[in-house]
Amino acid sequence: MNHIRPRARARSIHAIDYQALWEKGIRALLFDLDNTLGLWRAGPPSARTAELLQRLSAAGFKLAVISNGRLCQRPEVLEFFSGLGIPVIWRARKPLPGGFRRALKALGVDPRKAAMIGDQVLTDVLGGNLAGLYTILVQPLSPHESRFTKFNRLLERWLR
Ligand SMILES: [Mg+2]
């Protein structure tokens, strides 16, 4: 059950010590979308989040978003990320390793130099750990989430 344990935890993406990650050799940051960067089924992430992503990218990090959600439902979200030059992997099927591999290939970064940041143990943390990334669990932005996610959280609690 070691694979469901995150390497680190943070209250939100704004509370992560990115400088420390850089010093550990982390060069790529993969973010979950729903309830990590933005609200589930809401519009694009906030201006504050856009600013953070721009700052991280200016500091030298390569960034990508990896979501189990579908592109077709979210044109304004896609616009937000393409405006920032951040690739998004939709329908990633986390925790399967394929989406993580695709994202890292797009960024040209080895998994050992990458971190996965997300709010779910059974998709983000498990998947990130299986793919060989450094994993950071953040608290979900909102209690609103899909039925599938709610089920995953029940399972999470049971596993703990
Ligand atoms: Mg999420």
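**Q** Before we go on, may I ask you to explain the overall build of the protein in this structure?
**A** Of regular secondary structure, the protein possesses six helices and six strands. When the helices and strands of the protein are read in sequence order from the N terminus, they spell out β-α-β-α-β-α-β-α-β-α-β-α. Each principal axis of the C-alpha atoms in the protein carries an extent, and together these give about 40 × 35 × 30 Å. The proportion of buried residues among the 160 residues of the protein is 42%. Long-range contacts, defined here as pairs at least 24 residues apart, represent 70% of the contacts in the protein between residues at least 6 apart.

**Q** I keep staring at the pairing of strand E6 (residues 134-138) and nothing clicks. Help me out?
**A** Regular strands have side chains that alternate between both faces of the sheet. Taking burial as the measure, the five residues of E6 include five buried ones, the bulk of the element. Where burial is concerned, the two faces of E6 agree: the one with Tyr-134, Ile-136 and Val-138 and the one with Thr-135 and Leu-137 are both buried. The pairing of strand E1 (residues 8-10) with E6 spans three bridges and is parallel. Its bridge partner being in E6, Arg-9 is matched across the sheet by Leu-137. Across four bridges, the pairing between strand E5 (residues 114-118) and E6 is parallel. Looking at E6, one finds that Ala-115 is bridged to Tyr-134. As a crossover connection, the stretch from E5 through helix H5 (residues 121-130) into E6 is right-handed.

**Q** Just checking my understanding: could you explain helix H3 (residues 75-83) for this structure?
**A** Since there are 3.6 residues in each turn of an α-helix, residues three or four apart along the chain are aligned in direction. Within H3 the residues assigned to the buried category are Val-77, Phe-80 and Phe-81. The arc that holds the buried residues of H3, viewed along the axis, is 90°, so those residues lie on one side. Exposed side of H3, more than 90 degrees from the buried face: Pro-75, Glu-76, Glu-79, Ser-82 and Gly-83 are the residues found there. In the core, the buried residues of H3 are packed alongside strand E3 (62-66) and strand E4 (88-89). Note on H3: the residue one or two positions beyond its end, Gly-85, has a positive phi of about 70°.

**Q** Would you mind showing me how to read the sheet that holds E6 here?
**A** Within a sheet, each strand pairs with its neighbour through backbone hydrogen bonds, oriented either parallel or antiparallel. Pairing is parallel in the open sheet, where six strands are placed in the order E1-E6-E5-E2-E3-E4. Each having just a single partner strand, E1 and E4 make up the two edges of the open sheet. In this structure, E3 lies alongside E4, joined through two bridges in parallel fashion. The partner of Val-65 across the bridge, within E4, is Val-88. Strands in contact with helix H4 (residues 98-107) are strand E2 (28-31), E3, E4 and E5; relative to E3, the strand with the most contacts, it is inclined by about 155°.

**Q** Help me understand the nonpolar core, please; the structure alone is not making it clear to me.
**A** The nonpolar side chains of a soluble globular protein tend to be buried, and buried together. Leu-30, Val-65, Ala-115 and Ile-117 are the most contacted members of the largest nonpolar core, which totals 40 residues. When residues no more than four places from it in sequence are discounted, the contact partners of Ala-115 are Leu-21, Ile-26, Leu-29, Leu-30, Leu-133, Tyr-134 and Ile-136.

**Q** Sorry, what's going on with the environment of Arg-91 here?
**A** Relative to the helices and strands, Arg-91 is located in the loop between E4 and H4. Owing to 12 C-beta atoms within 10 Å, Arg-91 belongs among the exposed residues under this scheme. In the structure, Arg-91 is positioned 25 residues away from Ile-66 in sequence and 8.1 Å away in space, judged by C-alpha atoms. Non-local contacts of Arg-91, meaning those with residues more than four positions away in its chain, are made with Asn-68 and Arg-70.

**Q** Looking at this model, I keep getting lost on unusual backbone geometry. Mind explaining?
**A** When glycine is set aside, most residues are seen to have a negative phi, and most peptide bonds are trans. Of the consecutive residues Lys-94 and Pro-95, the connecting peptide bond is found in the cis state with omega at 15°. Relative to the assigned elements, Pro-95 resides in the loop between E4 and H4. A positive phi angle, close to 70°, is found at Asn-35, a residue other than glycine. The residue Asn-35 is located in the loop between E2 and helix H2 (47-58) in this model. A residue is classified by how many C-beta atoms lie within 10 Å of it, and Asn-35, with 22 of them, is buried. Not every positive phi belongs to a glycine, and Arg-93 is a case in point at roughly 60°.

The rules behind these values
- Residues numbered from 1 in each chain as written.
- Predicted model: local features only at pLDDT ≥ 70, side-chain atom pairs only at ≥ 80, totals over all residues.
- Helix = DSSP H or I, 4+ residues; strand = E, 2+ residues; numbered from the N terminus.
- Buried ≥ 20, exposed ≤ 12 C-beta atoms within 10 Å, placed from the backbone.
- Contact = placed C-beta atoms within 7 Å.
- Pairing = 2+ DSSP bridges.
- Right-handed = clockwise from strand over helix to strand, strands pointing away.
- Arc of directions from axis to C-beta.
- Axes fitted to C-alpha atoms, helices over the stretch in contact; angles between N-to-C directions.
- Core = buried A, V, L, I, M, F, W, Y, C linked by C-beta atoms within 7 Å.

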